[in-house]
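# Geometric and topological summary
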Amino acid sequence: MFGWRRDKLKLGFVVFELTDACNQACKFCYNHFKGNGDDYPIEAPNYRLACRTLKRLLREAEVGSLSMSGGEPMLMPKIHELILRARFAGCSVNMLTNGTLLTVHDIAIFRDIGVNTLQIPILADDSAIHDSMTQLCGSWRRATNNARRVAAIEPRWLTPVLILSRMNVERIEPTLDMYAEMGCRHIMVNRFNIGGQGKRNAERLMLTPDELRDAFRRVDAKAGEHGMSVHSGVCTPHCVLNPKEYRNILFTRCTTDIMSRPLTVNYRGDVRFCNHSPRVLGNIHKEPLAKILARCDETGYFATVPEKCNACQLWESCKGGCRAAAEQVYGTFTRRDPVIDMEIKRHK
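Below you will find a few notes about this structure. Given the structure is predicted, the values throughout are model-derived calculations rather than measurements.

## Section: the overall build of the protein chain
When helices and strands are counted, the protein chain shows 12 helices and 11 strands. Here the protein chain has a C-alpha radius of gyration of 19 Å; the compact-globule value for 348 residues is 20 Å, and the two agree. With 348 residues in all, the protein chain has 55% of them scored as buried. For the protein chain, contacts bridging at least 24 residues in sequence account for 72% of all contacts bridging at least 6. If you sum the accessible surface of the protein chain, you get close to 15,200 Å²; carbon and sulfur atoms cover 50% of it.

So, in structure tokens, the structure goes:
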């Protein structure tokens, strides 16, 4: 059992969502609340509440890696103080930012307080494609300028992120060439994963399984050419993308072990299975985090096997892909990743 009354939890990785607010309206955004329609209230960034939540989280758990996310985390006032608090608690801190609001001053402070990585999506080498996907004019120019500033200090400090969709799939090679020209040797390439705002734009964004296989083959080839290592952070069914076929790409594997998850905590204290899942497991301001996790582990909610995966030999390594996407699309964790079934439906 978790020993929630006495012992401090040890968590390898937590995503801390500082705010729901964002200065972009990305067509592919998976934030679950953006799938609820335009009437969802987006609160202004609340430093006091975010700070109180972070303090409680770090009081109850030793967190190895803490990723500051959002919304857009750079909208949070005094974000440097929040990061410093996490650093003093022994966390390795990553910044997941769209890059448009960074200043030279921010970058210098992040370097001085030991931010581990800055992840900045650069969605194409073509500014028009990038700006169309983010729905913010000038976002490509600002994001790439700041990415170059980060890389100029230390190329390994920057992780550019490419989110593959129907809108930018033709620009894979020149985009990775641009990353290489910046000096980047470690990059992230994710497929579009349906959820949030992306549910409204699925037909414009989703690639078929055959198109995904071809896209990742091209990523793998270009990465090999540049000596890049690629991390794909979206769990994908192995019947769609078989990791063994891509020498230069490390694919994330989704585990249903609640204690080994990239747990997500938002500034209000709500705890979720991951940053794609809409299901709130509990709130750390109302009960201890360990008690929340123990209860979730005991319910067996995340241990279900989708019916169509029952006899699959790939199940143990695959777990049905991104089941949190199934929660967003179908309202249940009991179904497999919709990347399979939505595609079958489209082509019947």
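## Some remarks on the sheet that holds strand E4 (residues 117–121)
Here we have 11 strands laid out as an open sheet, ordered E8-E7-E6-E5-E4-E3-E2-E1-E9-E10-E11, and mixed in their pairing. Of all the strands in the sheet, just strand E8 (249–251) and strand E11 (280–283) have a single pairing partner and so form its edges. Averaged over all pairs of adjacent strands, the angle between their axes in this sheet comes to 25°, without regard to strand direction. Examined bridge by bridge, E4 and strand E5 (residues 158–164) share four bridges and lie parallel to one another. The residue bridging Leu 118 from the neighbouring strand is Leu 158, located in E5. Sheet strands touched by helix H2 (residues 79–88): strand E2 (61–69) and strand E3 (92–96). Its angle to E3, the strand with the most contacts, is close to 150°.

## A few points about the nonpolar core
By size, the foremost hydrophobic cluster in this structure holds 102 residues, and its most contacted members are Leu 66, Met 68 and Phe 110. Broken down by element, the residue count for this core peaks at seven residues, all from helix H1 (residues 47–60). Apart from the residues within four sequence positions on either side, Phe 110 is in contact with Met 74, His 80, Ile 83, Met 95, Leu 102, Val 115, Leu 118 and Trp 157.

## Description of the environment of Cys 322
Following the sequence through the fold, Cys 322 ends up in the loop between helix H10 (315–318) and helix H11 (323–330). Here Cys 322 falls in the buried class, since its relative accessible area comes to 8%. The spatial distance from the C-alpha of Cys 322 to the C-alpha of Pro 338 is 8.1 Å, given a sequence separation of 16 residues. Contact partners of Cys 322, with chain neighbours within four places excluded, come to Arg 191, Asn 193, Cys 235, His 276, Asp 337 and Pro 338.

## Describing H11
Counting along an α-helix, one turn takes 3.6 residues, and residues three or four places apart therefore face a common direction. H11 sits mainly inside the fold: six of its eight residues count as buried. By the burial criterion, the buried members of H11 are Arg 323, Ala 324, Ala 325, Ala 326, Glu 327 and Gln 328. With its phi angle positive at about 80°, Gly 331 sits one or two positions after the end of H11.

## Points about helix H6 (residues 172–181)
Along H6, the residues classified as buried are Ile 172, Thr 175, Leu 176, Met 178, Tyr 179 and Ala 180. Of the surrounding secondary structure, the elements contacted by the buried residues of H6 are helix H5 (139–153), E5, strand E6 (186–191) and helix H8 (209–226). After H6 finishes, the residue Gly 183 shows a positive phi value of roughly 100°.

## A closer look at unusual backbone geometry
With omega at 15°, the peptide bond leading from Gly 70 into Gly 71 counts as cis. Along the chain, the position of Gly 71 falls in the loop between E2 and H2. Positive phi values are uncommon outside glycine, yet Lys 78 reaches one of about 55°. Assignment of secondary structure puts Lys 78 in the loop between E2 and H2. Look at Lys 78 and you get partly exposed, because its relative accessible area is 44%. You will see that Lys 319, though not glycine, has its phi angle at about 60°, which is positive. With relative accessibility at 12%, the residue Lys 319 sits in the buried group.

## Structural notes on the packing of aromatic side chains
Following the criterion strictly, the structure yields six aromatic pairs and no others. Measuring from ring centre to ring centre gives 5.0 Å for Phe 302 and Phe 333, while their planes differ by 90°; the resulting arrangement is edge-to-face. Taken together, the residues Phe 302 in the loop between helix H9 (289–299) and H10 and Phe 333 in the loop between H11 and helix H12 (338–346) connect sequence positions 31 residues apart. Among the aromatic residues, those joined into a cluster by ring pairs are Phe 216, Tyr 246 and Phe 251.

## A look at the pattern of salt bridges
One pass over the full model with this rule turns up 17 salt bridges. Of the charged contacts, one joins Asp 177 and Lys 222 as a salt bridge, the two residues approaching to 3.1 Å between their closest N and O atoms. Taken together, the residues Asp 177 in helix H6 and Lys 222 in helix H8 connect sequence positions 45 residues apart. Note on Asp 177: relative accessible area 31%, which makes it partly exposed. In this structure Lys 222 comes out as buried when scored by relative accessible area, which is 10%. Residue Arg 295 is joined to Glu 287 by a salt bridge in which the shortest nitrogen-to-oxygen separation is 3.0 Å. Overall, the relative accessible area of 32% leaves Arg 295 in the partly exposed class. Take Glu 287: its relative accessible area is 21%, and that puts it in the partly exposed class.

Rules and cut-offs
- Residues numbered from 1 in each chain as written.
- Predicted model: local features only at pLDDT ≥ 70, side-chain atom pairs only at ≥ 80, totals over all residues.
- Heavy atoms only, no water.
- Helix = DSSP H or I, 4+ residues; strand = E, 2+ residues; numbered from the N terminus.
- Rg over C-alpha atoms; globule rule 2.2 N^0.38 Å.
- Buried < 20%, exposed > 50% of the residue type's maximum accessible area, 1.4 Å probe, protein only.
- Contact = heavy atoms within 4.5 Å.
- Areas by Shrake-Rupley, 256 points an atom, 1.4 Å probe, with all protein chains shown as cover.
- Pairing = 2+ DSSP bridges.
- Axes fitted to C-alpha atoms, helices over the stretch in contact; angles between N-to-C directions.
- Core = buried A, V, L, I, M, F, W, Y, C linked by side-chain atoms within 4.5 Å.
- Phe/Tyr/Trp six-rings, centres within 6.5 Å; stacked < 30°, edge-to-face > 60°.
- Salt bridge = Lys/Arg side-chain N within 4 Å of Asp/Glu carboxyl O.

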